[in-house]
Amino acid sequence: MDSALPTALRALGLGLSNLGVGEAFMLLVGCLLLYLGIRHRFEPLLLLPIGFGALLVNIPMAGLMEEDGVLRYFYETGILTEIFPILIFIGIGAMIDFQPLLENPKIILLGAAGQCGIFLTLLLALALGFTQLEAVAIGIIGACDGPTAIYVTSKYAPHLLAAVSVAAYSYMSLVPLLQPGIMRLLTTSKERKIVMGAVRRPISRTTKIVFPIAVTLTASLIAPMGTPLIGMVMLGNLMKESGVVERLKNSSENEITNIVTLLLGLSIGATMQAKNFLRWETLMILCLGLIAIILDTAAGVLLGKLMSFLSRGKINPLIGAAGISAFPMSARVVQMEGQRYNRKSHLLMHAMSANVGGQIGSIIAAAIMLSLIQGLGT
Amino acid sequence: MATSVTAPMVGKILKLEKQVGDTVQEDEVVLVMEAMKMEIFVSAPVSGTIKNILVEPGQSVQADDLLAEIE
């Protein structure tokens, strides 16, 4: 009885006495993510739950990611099964407006160019010794589209999920810092000043309804492995455009997306345990992700230059930078850069077309990669 | 001969920076619009005097709608 009390008291400090350097470092990383989300509003909807999840799993002896740990349940039922990202895609579909793209269909080419970084980074990752499946997951950071990156990674390289999603979401918020320099470097002052007229072409309701169905059928028949992704986005979009299931559309874009975003963020944070995250691979993935986004921007702007040349100076190549799918950040960056060089230039809506093209582009790029992997039999 | 100031894109008028009778320089902001949750600064295509303003804050406009005239 005499010795029971001190032993019991010692148990109270167990967390502190088991805190290693790695865990302590990851607690700081968690705090950094919280700081970026709260103070700088970098994707707060994700960085806040991710950051807090990272805090929780790095507390020694708490066991949230051990067998029977509560976050482990979230992770296994939501991420390993791909249910969370899939549900998010329905919400994205319900929010996305394809109007700018339908008004100006040739701009979708810029959305395709904005995906070049994915494939180039994939090759780079292979050269650095990552396995095929890992390289695919790393390349997909270049899609600049969080849910797509999470979906592909959870399917093929779940052990890299934390690094890939942290890279995808932090670079998405850094787009306004990363892109302008590349845009300036690759264009001439004359090109940057090109004024594009206002976009105005009425799109019929029928077109908007047929579009998601047609894209689903064509894209899925070409790259069947991407059907869950494309199918869910287009289902959400069809619910929005048809106008007949307002209740389902509202739940998809609000309640379902909000609940899943919370659980998804928390589960990703939960994968950031010191023993999994503090590796050289993580650092390499962060670097490769950065390269992917720089290459995407460069490819988009270069195709923009070509289109500008072919259209005899009617297209401002700056809008090519919006071909990555960071929506709507990169379209805003293009508008601001255009204004900086010519007060009469308003590129926002043209950039939005490229941006929406980029969103479709990244999903299709992911679908193609998934189908190729299946074809390789790995 | 009056020069038209037109809406560069679909959106909403946020605030007027100039009033009828004000003089403006080329590229000076005449009014601010909102589109895609972003402030869009609509500037004067030429220098002159504002002859007419046809919109007020809160009003929705389509691309190419006439917003103001400068003489």
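Data block above holds the structure.
First, a word on scope: everything that follows refers to the structure included in this document. Computed from a predicted model, the values in this text were never measured in an experiment. (Residues numbered from 1 in each chain as written. Chains lettered and ligands numbered in written order. Predicted model: local features only at pLDDT ≥ 70, side-chain atom pairs only at ≥ 80, totals over all residues. Heavy atoms only, no water.)

This part takes up the sheet that holds strand E5 (residues 38-43) of chain B. One open sheet holds the 4 strands; their spatial order is E5-E4-E2-E7 (chain B), and the pairing between them is antiparallel. Strand pairing shows two members of the sheet lacking a second neighbour, E5 and strand E7 (60-61) of chain B, which therefore form its edges. (Pairing = 2+ DSSP bridges. Helix = DSSP H or I, 4+ residues; strand = E, 2+ residues; numbered from the N terminus.)

The subject of this paragraph is the interface of chain B and chain A. Residue-level contacts link 21 residues of chain B with 13 residues of chain A. Where chain B abuts chain A, roughly 1500 Å² becomes buried across the two surfaces, and 63% of that area is made up of carbon and sulfur atoms. Linking chain B to chain A there are 4 residue pairs in polar contact (both at pLDDT 80 or more). Within the residue set of the side of chain B that touches chain A, elements represented by two or more residues are strand E4 (29-35) and E5 of chain B. With 5 residues, the top contributor of residues to the side of chain B that touches chain A is E5 of chain B. Classifying every residue of the side of chain B that touches chain A by side-chain character gives 14 nonpolar, 2 polar and 5 charged. (Contact = heavy atoms within 4.5 Å. Buried area = accessible area lost by both parts, 1.4 Å probe. Polar contact = N/O pair within 3.5 Å; in protein donor to acceptor, adjacent residues only side chain to side chain. Nonpolar A, V, L, I, M, F, W, Y, C, P; charged D, E, K, R; others polar.)

Take the pattern of salt bridges next. Residue and element names in this part refer to chain A. If you walk through the whole model with that rule in mind, you get 12 salt bridges over all chains. In this structure, Glu253 engages Lys249 in a salt bridge whose closest nitrogen and oxygen atoms are separated by 3.1 Å. Taken together, the positions of Glu253 and Lys249, both in helix H16 (residues 246-270) and 4 residues apart, correspond to about one turn of that helix. The salt bridge partner of Glu337 is Arg340, with a shortest N-O separation of 3.2 Å. One end of the pair, Glu337, and the other, Arg340, are both in helix H19 (residues 329-341), 3 residues apart, so they sit about a helical turn from each other. On the basis of relative accessibility, which here comes to 4%, the residue Glu337 falls in the buried class. For Arg340, a relative accessible area of 52% corresponds to the exposed category. Residues participating in the shared-partner salt-bridge network are Arg184, Glu337 and Arg340. (Salt bridge = Lys/Arg side-chain N within 4 Å of Asp/Glu carboxyl O. Buried < 20%, exposed > 50% of the residue type's maximum accessible area, 1.4 Å probe, protein only.)

Turning to a nonpolar patch on the surface, a few remarks are in order. Taken together, the side chains of Leu5, Leu9 and Leu12 of chain A present a nonpolar region at the surface, about 370 Å² in accessible area. Residue position: Leu12 of chain A is located in helix H1 (residues 4-12). (Patch = residues over 30% accessible without salt bridge, like charges linked within 9 Å, V, L, I, M, F, W, Y side chains within 5 Å. Areas by Shrake-Rupley, 256 points an atom, 1.4 Å probe, with all protein chains shown as cover.)

What follows covers the sheet that holds strand E3 (residues 23-24) of chain B. Residues and elements named next belong to chain B. If you trace the 4 strands from one edge of the open sheet to the other, you get E1-E8-E6-E3, paired in antiparallel fashion. Strands with a single pairing partner mark the edges of an open sheet, and in this sheet they are strand E1 (3-6) and E3. Here strand E6 (residues 48-53) runs beside strand E8 (residues 66-70); their pairing, made up of 3 bridges, is antiparallel. Note that in E8 the partner of Asn52 across the bridge is Glu69.

It is worth spelling out helix H5 (residues 70-79) of chain A at this point. Residue and element names in this part refer to chain A. Within H5, burial applies to Leu71, Tyr75, Gly78 and Ile79. Buried residues of H5, seen end-on, are gathered within an arc of 95° and therefore sit on one face of the element. Elements that come into contact with the buried residues of H5 comprise helix H4 (44-57), helix H6 (83-95), helix H11 (146-156), helix H12 (161-186) and H16. (Arc of directions from axis to C-beta.)

On to the packing of aromatic side chains. A complete count under the given rule lists 2 aromatic pairs over all chains for this structure. For Arg192 of chain A, the ring lying beneath its charged end belongs to Tyr341 of chain A, and the centroid distance is 4.5 Å. (Phe/Tyr/Trp six-rings, centres within 6.5 Å; stacked < 30°, edge-to-face > 60°. Lys NZ or Arg CZ within 6 Å of the ring centre and 35° of its normal.)

Here we take up the state of the cysteines. All names here are of chain A. Enumeration according to the criterion identifies 0 disulfides over all chains in this entry. Unpaired in terms of disulfides, Cys144 finds its nearest cysteine sulfur in Cys116, a separation of 14 Å. You can call Cys144 buried: its relative accessible area is 1%. Cys144 provides the cysteine sulfur closest to Cys287, a residue in no disulfide bond, and the two sulfurs are 16 Å apart. (Disulfide = S-S within 2.5 Å.)

Ranked by internal contacts, the top residues of the largest apolar core, which has 126 residues, are Met272, Ile319 and Val334 of chain A together with Met33 of chain B. Per-element accounting of this core gives the leading share, 14 residues, to helix H20 (residues 348-376) of chain A. If sequence neighbours within four positions are ignored, Met272 of chain A has contacts with Met26, Val29, Leu33, Ile50, Ala54, Val57, Asn58, Ala162, Val166 and Phe277 of chain A. (Core = buried A, V, L, I, M, F, W, Y, C linked by side-chain atoms within 4.5 Å.)

Time to look at the packing of H6 of chain A against H11 of chain A. All names here are of chain A. Look at H6 against H11: their axes get within 9 Å of each other, and the N-to-C directions meet at 155°. When the interaxial angle is binned, H6 and H11 end up roughly antiparallel. Here H6 runs over H11; the crossing is left-handed. Of the residues in H11, those touching H6 at Pro85, Ile86, Ile88, Phe89 and Ile92 are Pro147, Thr148, Ile150 and Tyr151. Tallied by class, the residues present in the contact of H6 with H11 amount to 8 nonpolar, 1 polar and no charged. (Axes fitted to C-alpha atoms, helices over the stretch in contact; angles between N-to-C directions. Parallel < 35°, antiparallel > 145°, perpendicular 65-115°, else oblique. Left-handed = near helix turned anticlockwise from the far one by under 90°.)

Moving on to unusual backbone geometry. All names here are of chain A. Phi at Met61 is positive, roughly 70°, even though this residue is not glycine. Among the secondary structure elements, Met61 is positioned in the loop between H4 and H5. For Arg312, which is not glycine, the phi dihedral falls at a positive 55°. Residue classification places Arg312 among the exposed residues on the basis of a relative accessible area of 77%.

Further remarks concern the environment of Ser345 of chain A. Residue and element names in this part refer to chain A. For Ser345, the position within the fold is in the loop between H19 and H20. Here Ser345 falls in the buried class, since its relative accessible area comes to 0%. Considered as a pair, Ser345 and Lys193 are 152 residues apart in the sequence and their alpha carbons are 7.1 Å apart. Each residue touching Ser345, except ones within four places of it in the same chain, is listed here: Ile194, Val195, Asn316, Gly338 and Gln339.

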